[in-house]
Amino acid sequence: MKSVPTFAVAGDPNVGKSTLIATLAEEDSVQISNRAGTTKRATPYTATLDGTTILKFIDLPGFENTPQLKEWLDQHRDDAEPGKAFVAEFQADSRFQAECEILQAIDGAGVIFVVDATRPVEPRDRDQAEILRLCTDKRMAVINIRSSTGQQVPVDAQILEDWKILLGKHFTYQCFDPLDANFRDRLELLEAVSHVMPGWRDLMKNVIERLRDDWEQRRIPEVVSELCGLLEKLMKLREREPLSKGQGNAERDAKRKVENEVRKLEEAFRKKVRKVFHHKRGSWEMSSHDILGQDVFSERVWKLFGLTKGQLITSAAMMGAVIGAGIDLLVGGASIFMGTIIGAISGAVAGYLAAGKAVDFHLATDHVEAKVDPKSNLAWIVIDRGLLFIEAVARWSHGRRETTRVIDGDKYGIATKWSDKERKSVIQWIGAVSSGKFSAAKTQQYEQNVRALFSKEVRKLTIPPPP
């Protein structure tokens, strides 16, 4: 028995074998094409954690001479190892290259038989199922409910039932969409696989536990750290321009520099998030129609993300108190004079809701200094976009090959759904970072509260509850 669980993925050409492997192994280098027969030879891929291989997958070519192989096996049913006998007889025969590749690969490996639920069962499917039954007792079937073209199409109930009847005779099977599988879906499929490979049950249990721990103990903390780092850099961002060019020109140029730096910081954050979730295929060119693909200072982004007007009034008032007076706001409530501050600031809140007012200026003797205004909606917008991007990347299948990615959703304004206590924790930390009026220990305490909040949200977004 191999020390690393190894699975040979078999099936007709173009049923989604390579896509399934890319998804389960989180490996976007797997060659995938809508053209049938892209995989010509048995190709190994590995899933790794901390540089250690934890799973192996073998991407097999599709069967090319199913009837002939089935007929030969029927005539050699009494052989102890009919698959090996077939390879010994036909290995040099070019007509059966694919079949020999398949039979050699499944020797000693677990077999995952992939079928396409969007087309009817055909005689060759019955033959392939029988071939695998005769050649291995370590087998499972995956019913791919996504079409071979990658399109999301309705699955005919009767066709699906026919597949279940065929596979139910000799396979454990599970329906699966490799292009829309989240983390929980992938773990559930691996758990199902472990049950039909008894010799690997303990190994697979360990693999699943390690994958779960990696997600919980490494990935979530890492992306939360990146999001906190992005916000901290935004709040400490400063750009200067000399007054010799005139105050208006100096403010315009400094403002442009701040906005460009915000864009660069957000893009750098996104690259790091993609890396955490093992996406290595260059940068994502997101559609301009996608809300995450639009500029962070665009009008539509500022309408969809961030706090509501009422929430921002309260937030700006509290932020002003933290920054201006160094007030240590109690998370459970507001200070006794907060109502007066809120009333005074209400008239200015329209500015904080506008992208053009996201930058604040300080006039010195010979220069103007520009920075992100912590009372504006920008920080909350960056938080919302950051969390939505993390969710999208975590859920984006490694089997997808679109060059332009449209990632839209219905979770805009994530921070608007938080409790007052949760939003106050963010205000405390941003205010402390921006003002520099609190001790390092106090600022760190505030940051820990924010990290806990972000971790809870990322966990909710990336590990959906069971259906």
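The residue numbering used here restarts from 1 in each chain and proceeds along that chain's sequence as written. With pLDDT at 70 or above as the cut-off, local features in this predicted model cover only qualifying residues; side-chain atom pairs require 80 or more to be listed or tallied, and sums for whole chains, interfaces and linings still use all residues. Each side-chain value is derived from all of the structure's non-hydrogen atoms; neither hydrogens nor water enter the calculation.

Peer 1: What exactly am I supposed to notice about empty space enclosed by the protein here?
Peer 2: If you roll a probe as big as a water molecule over the atoms, it shows you where there is empty space left. Whether a set of points on the 1 Å grid over the protein atoms alone is a cavity depends on a 1.4 Å probe fitting there but being unable to get out, while an open set qualifies as a pocket with protein on both sides within 12 Å along at least five of seven lines; lining residues are those with an atom within 4 Å of a point. Grid points are joined across faces, edges and corners, and a volume is the space filled by probe spheres set on the points. Inspection of the entire model under this criterion finds 3 cavities of 30 Å³ or more. Of the pockets and cavities examined, the largest cavity occupies roughly 160 Å³. Taken together, 15 residues make up the lining of the largest cavity; nearest its centre are Leu24, Glu26, Arg186, Leu211 and Arg219. At the level of secondary structure, the elements contributing two or more residues to the lining of the largest cavity comprise helix 1 (17–25), strand 2 (43–49), helix 7 (183–195) and helix 8 (201–236). Secondary structure follows DSSP: runs of H or I at least 4 residues long count as helices, runs of E at least 2 residues long count as strands, and numbering of each begins at the N terminus.

Peer 1: Can you walk me through the sheet that holds strand 10 (residues 367–372) in this structure?
Peer 2: In a beta sheet, neighbouring strands pair by backbone hydrogen bonds and run either parallel or antiparallel. Pairing is antiparallel across the open sheet formed by 3 strands, whose spatial order is 7-10-9. On the outer flanks of this sheet lie strand 7 (239–242) and strand 9 (359–363), each paired with one strand and no other. Looking at each pair of strands side by side, their axes are set apart by 25° on average, direction ignored. Relative to strand 7, helix 9 (residues 247–276) is tilted by about 155°, and along the sheet it contacts strand 7, strand 9 and strand 10. When DSSP locates at least two bridges between a pair of strands, those strands are taken to pair. An axis is simply a line fitted to the C-alpha atoms; with a helix, the fit covers only the stretch in contact. Between two such axes, the angle follows the N-to-C directions and lies from 0 to 180 degrees. What makes two residues a contact is simply this: any of their non-hydrogen atoms within 4.5 Å.

Peer 1: Just checking my understanding: could you explain the side chain of Thr19 for this structure?
Peer 2: Mapping Thr19 onto the fold places it in helix 1. Each residue is assigned to one of three classes by its accessible area relative to the maximum for its type, calculated with a 1.4 Å probe on protein chains only: buried under 20%, partly exposed between the two thresholds, exposed over 50%. The class for Thr19 is buried, based on a relative accessible area of 12%. If near-sequence neighbours (up to four positions away) are discounted, Thr19 is found in contact with Ile32, Pro178, Leu179 and Gly399.

Peer 1: Would you mind showing me how to read the sheet that holds strand 4 (residues 110–116) here?
Peer 2: Strand order in the open sheet formed by 6 strands is 2-3-1-4-5-6, and the pairing between neighbours is mixed. Two strands close off the open sheet at either side, each with one partner strand: strand 2 and strand 6 (172–176). Across the sheet, the mean angle separating the axes of adjacent strands is 25° when strand polarity is ignored. Bridging between strand 1 (residues 6–11) and strand 3 (residues 52–59) involves 4 bridges; their strand directions are parallel. Within strand 3, the residue paired with Val9 across the bridge is Asp59. Where helix 5 (residues 123–135) meets the sheet, its contacts fall on strand 1, strand 4 and strand 5 (139–144), and the angle it forms with strand 4 comes to roughly 175°.

Peer 1: Looking at this structure, I do not really get the pairing of strand 5. What am I missing?
Peer 2: On a regular strand, one side chain projects to one face of the sheet and the next to the other, so that they alternate. With 6 of 6 residues buried, strand 5 is to be regarded as a mostly interior element. By the alternation rule, side chains of strand 5 split into Arg139, Ala141 and Ile143 and Met140, Val142 and Asn144, which are all buried. Summarising the sheet, strand 4 and strand 5 pair through 6 bridges and their orientation is parallel. Note on strand 5: the bridge partner recorded for Asp116 is Asn144. Orient the strands so they point away from the viewer, and a crossover whose first-strand-to-second-strand path over the helix runs clockwise is right-handed. Taken together, strand 4, helix 5 and strand 5 constitute a β-α-β crossover, and its handedness is right-handed. For strand 5 and strand 6, the ladder comprises 5 bridges, and the chain directions are parallel. If you follow Asn144 over to strand 6, its bridge partner there is Phe176.

Peer 1: What exactly am I supposed to notice about helix 4 (residues 97–106) here?
Peer 2: The periodicity of an α-helix, 3.6 residues per turn, causes residues three or four places apart in sequence to face the same way. The buried count for helix 4 comes to 8 of 10 residues, which makes it a mostly enclosed element. Taken together, the buried positions of helix 4 are Ala98, Glu99, Cys100, Glu101, Ile102, Leu103, Ala105 and Ile106. Here the buried face of helix 4 lies against strand 1, strand 3, helix 2 (66–75), helix 3 (82–90), strand 4 and helix 5. Directly beyond the C-terminal end of helix 4, a positive phi value near 85° is found at Gly108.

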